[in-house]
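The residues making up each chain are set out below.
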Amino acid sequence: MSKARRLADLGNQVDDGAITGSNMIVNGAMTVAQRGVTNTYSASDTFVVDRFFARGTSTDQLVITVTQEDDGPAGFNKSLKVNTDTAETDLASNEQFKMEHRMEGNTISHLGWGTSNAKTVTLSFWFKSSTTGTTAVSFHNQDNNRSFVSTFTVSSANTWEYKTIIVAGPTDGTWATETSIGIRIRWGSFGTEFHTTSTDQWINTQDMSVSGAIDWSDTANKYFQITGVCLNVGDSAIDFPHQSYGDELARCQRYCQRHPSLDQADGGAYSILGGAGWAGSTTAGIEPMSLPTTMRIEPTGTFSGNWRFIRTNTATAITSGPTINDTYSNVSAILMNATVGSTALTAGEGLAITQNNDADAHLILDSEL
């Protein structure tokens, strides 16, 4: 596309309150994966690549693996792959197998959805599948009572294909504009309960697909991959606006933070967690940690692995904790508590929490939508 054509397209996309030329999707190039590069589906949302999760709902056989892949079309080094390991041999009417991206209300408030000034948006993405055929992508509000289903075709198996979907802004329905879910975007396979014949228009349902769409859950090793996901204001797609890894990581850390970071190597198996703390008693330690990015809401914390208190010239294994003290934690800082199994500490002494000969010990802070 010529420079003049690109500028003309951008000019068409300028609208009152719009963020011109920007991508409202966080981590659309699939570069950030704080939780690791592979995960197998369990009962909860399965994240690998930040801000995109996979899930099977009401399924009784399905096992899927979600991975960050070093594979993409020209200009993209990473993608998200969803692979069926154990098939759901008969996808019942109420069953679904999906990948979802949730957008915060603050991100989409300028679209004016639910009002007479609702703005049109364009979704674009690169897609690869082991199977050809028709499939769909759908948009939903937080309450799942407004949906927009649009179909697209996979023409060639195992080949990256570029897709664009134009979505006219809905003038009715309730659309969150603050810290809750503003828009849900879904790809996947869905039982007949979620099929519609009313495509490319807003409907008062939770429909997500159409009859005859590809079912990736019915056979082992069926897969789909996606990258370059972009949502911009206007009725034509913009060139994907690549960001530096650091900028994209900061956007992701509003919703998830891993400490120490996944690629932390300098500390070996003894990397520090947080900052300087103190002993509240002979058995209890307290440690604050300022967060690199303000999170969406006060996060929950999941600690994995073995930890210790490092103190003056010695170290003591933590036997209970660490845990997050909810009373003193907020969106920009947390307070951690932990105890040792003996009276090894001295009340008032300085200490810090580090990995205890466990390079994979880490904390996940979660404020996902």
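These numbers were taken from a predicted model, which means no experiment stands behind them.

Calculation notes
Position numbers for residues start from 1 in each chain and track the written sequence from start to end. It should be noted that, the model being predicted, local features are given only for residues of pLDDT at least 70 and side-chain atom pairs only at 80 or more, the latter also being counted only at that level, while totals for whole chains, interfaces and linings use all residues. Each side-chain value is worked out from all heavy atoms of the structure, with water and hydrogens disregarded. Each helix is a run of H or I in the DSSP string that is no shorter than four residues. Each strand is a run of E no shorter than two, and both are numbered from the N terminus. Computation of the radius of gyration draws on C-alpha atoms, with the globule rule given as 2.2 Å multiplied by the number of residues to the power 0.38. Exposure classes here rest on a 1.4 Å probe applied to the protein chains alone. A residue is buried below 20% of its type maximum, exposed above 50%, and partly exposed in between. Throughout, a contact is declared for two residues whenever any of their heavy atoms are within 4.5 Å. All accessible-area figures derive from a Shrake-Rupley calculation using a 1.4 Å probe, and residue coverage is judged against the displayed protein chains alone. For the charge count, each Lys or Arg is scored as positive and each Asp or Glu as negative, with His and the chain ends excluded. One atom stands in for each charge, and that atom is NZ of Lys, CZ of Arg, CG of Asp or CD of Glu. Strand pairing requires that DSSP identify at least two bridges connecting the strands. Axis definition: a line fit to C-alpha positions, over the contact stretch in the case of helices; interaxial angles, taken between N-to-C directions, run 0 to 180 degrees. Scored from 0 to 100, pLDDT reflects the predictor's confidence in each residue.

Draft legend 1. Structural view of the overall build of the protein chain. Secondary structure summary: the protein chain contains three helices and 23 strands in total. Computed over its C-alpha atoms, the radius of gyration of the protein chain comes to 23 Å, within 12% of the 21 Å expected for a compact globule of 369 residues. Counting only C-alpha atoms, the protein chain reaches 70 × 50 × 40 Å along its principal axes. Per-residue burial for the protein chain yields a buried fraction of 51% across its 369 residues. For the protein chain, restricting intrachain contacts to residue pairs at least 6 apart in sequence, the fraction spanning at least 24 positions comes to 76%. In the form shown here, the protein chain has an accessible surface area of approximately 15,200 Å², with 45% of it arising from carbon and sulfur atoms. Both charge centroids of the protein chain, one from 23 positive and one from 38 negative side chains, sit 4 Å from each other.

Draft legend 2. Structural context of the sheet that holds strand 23 (residues 362-366). Taken in spatial order, the three strands of this open sheet run 14-23-17, and their pairing is antiparallel. Whereas interior strands pair on both sides, the edge strands pair on one side only; in this sheet they are strand 14 (256-259) and strand 17 (300-304). Strand after strand, the sheet turns through a mean of 15 degrees between neighbouring axes, direction not considered. Where strand 17 meets strand 23, five bridges bridge the pair, whose relative direction is antiparallel. Within strand 23, the position partnered with Ser304 by the bridge is His362.

Draft legend 3. Spatial organisation of unusual backbone geometry. A cis amide bond, omega -15 degrees, links His259 with the succeeding residue Pro260. Tracing the backbone shows Pro260 in the loop between strand 14 and strand 15 (272-279). Across the junction of Gly321 and Pro322, the peptide omega takes the value 5 degrees, indicating a cis bond. Topologically, Pro322 is positioned in strand 20 (residues 320-324).

Draft legend 4. Looking closely at the sheet that holds strand 18 (residues 307-311). With antiparallel pairing, the seven strands of this open sheet are ordered in space as 19-18-22-15-16-21-20. Every other strand in the sheet has two partners, leaving strand 19 (314-317) and strand 20 as the edge strands with one partner each. In this sheet, adjacent strand axes meet at a mean angle of 30 degrees when their direction is disregarded. As paired strands, strand 15 and strand 16 (residues 284-290) are joined by two bridges and run antiparallel to one another. Within strand 16, the residue paired with Ala279 across the bridge is Gly285.

Draft legend 5. Inspection of the pairing of strand 9 (residues 147-154) at higher detail. Taken across its eight residues, strand 9 has six buried, putting it largely inside the fold. As defined by bridge partners, strand 8 (residues 133-140) adjoins strand 9 across eight bridges and the pair is classed as antiparallel. If you follow Ala136 over to strand 9, its bridge partner there is Thr151. Count of turn residues in the strand 8/strand 9 antiparallel hairpin: six residues, of which Asn144 carries a positive phi of about 60 degrees. Here strand 9 runs beside strand 12 (residues 202-203); their pairing, made up of two bridges, is antiparallel. Paired with Ser147 across the two strands is Ile203, which belongs to strand 12.

Draft legend 6. Structural view of the confidence of the model for the protein chain. Confidence along the protein chain averages 91 in pLDDT terms, with 92% of residues attaining 70 or more. Predicted confidence for residues 1-20 stays below pLDDT 50, and this span has 22 contacts to residues more than four positions away or in other chains.

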